[in-house]
Amino acid sequence: MTPERIPAIKLLLLPKDTNALGTIFGGVILSNIDLASAVEARKVAAHRYVTKAMHEVEFHEPVYLGDIVSFYTETVRVGRTSITVRVSVEAERWGAGITSPAGTGHGEKVKVTEAEVVLVAVNDKGRPVPIRPEPMQV
Ligand SMILES: CC(C)(COP(=O)(O)OP(=O)(O)OC[C@H]1O[C@@H](n2cnc3c(N)ncnc32)[C@H](O)[C@@H]1OP(=O)(O)O)[C@@H](O)C(=O)NCCC(=O)NCCS
């Protein structure tokens, strides 16, 4: 049996999250991709992280008001000072589509977007620090 995937973040989107079309504003999704990647990075090593880059964010499908959205994460690379996290975003359709009335979704799962986020571990001066302890130089 395949183990259940546990998202870093799962949330219900509300009217405050919509754009002028009534679908979900892309910035809300980006903000949560950023947060989900930081949750994943903290599992790898406890540091203060800043976001250095987000690669290839493409929105495949809209997210509707009332959808439940899950942000799944996977660490794809641990470098010297950076961690690359892939974030995959899935919507459970419980909300209204553009052509359908509210509440007509039945929980269908749709991949809406994915991205790779590079986070850099930084010290209290904001400069990069090693993710893992490094051997002493002699
Ligand atoms: C993050 C920051 C401290 C990095 O400083 P820097 O001088 O670029 O650091 P470095 O060149 O040593 O790179 C640090 C790591 O990032 C990686 N990196 C740098 N640019 C990258 C890019 N465009 N894509 C992917 N990785 C990148 C480097 O490969 C290195 O990783 P490694 O040590 O694992 O090999 C600095 O750019 C910064 O403060 N940026 C602003 C961060 C921020 O405020 N984010 C929130 C946005 S509002």
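Small disclaimer: the values here were computed from a predicted structure and weren't measured. (Residues numbered from 1 in each chain as written. Predicted model: local features only at pLDDT ≥ 70, side-chain atom pairs only at ≥ 80, totals over all residues. Heavy atoms only, no water.)

Description of the site of the ligand
Then, in step 1: Around the ligand, 16 residues are found, and the nearest of them are Thr51, Lys52, Arg80, Thr81 and Ser82.
Then, in step 2: Note that a nitrogen atom of the ligand is positioned 2.9 Å from one of the backbone N or O atoms of Thr51.
Then, in step 3: Isolated, the ligand exposes 980 Å² of accessible area, and the fraction of that covered by the protein chains is 48%.
Then, in step 4: Of all the secondary structure elements, the ones that give two or more residues to the shell around the ligand are β2 (48-59) and β5 (108-122).
Then, in step 5: Of the residues belonging to the shell around the ligand, the class tally is six nonpolar, six polar and four charged. (Near = heavy atom within 4 Å. Polar contact = N/O pair within 3.5 Å; in protein donor to acceptor, adjacent residues only side chain to side chain. Areas by Shrake-Rupley, 256 points an atom, 1.4 Å probe, with all protein chains shown as cover. Helix = DSSP H or I, 4+ residues; strand = E, 2+ residues; numbered from the N terminus. Nonpolar A, V, L, I, M, F, W, Y, C, P; charged D, E, K, R; others polar.)

What about the environment of Glu116?
Then, in step 1: Note on placement: Glu116 falls in strand β5.
Then, in step 2: Exposure remark for Glu116: the relative accessible area of 25% places this residue in the partly exposed category.
Then, in step 3: A C-alpha to C-alpha distance of 9.5 Å links Glu116 and Thr73, two positions 43 residues apart in sequence.
Then, in step 4: Each residue touching Glu116, except ones within four places of it in the same chain, is listed here: Ala53, Met54, His55, Val76, Thr84, Val85 and Arg86. (Buried < 20%, exposed > 50% of the residue type's maximum accessible area, 1.4 Å probe, protein only. Contact = heavy atoms within 4.5 Å.)

Quick word on the sheet that holds β5
Then, in step 1: Spatially, β1-β3-β4-β5-β2 is the arrangement adopted by the five strands of the open sheet, whose pairing is antiparallel. Two strands in the sheet have a free side with no partner beyond their single neighbour: β1 (9-12) and β2. When the angles between neighbouring strand axes are averaged without regard to direction, this sheet yields 25°. (Pairing = 2+ DSSP bridges. Axes fitted to C-alpha atoms, helices over the stretch in contact; angles between N-to-C directions.)

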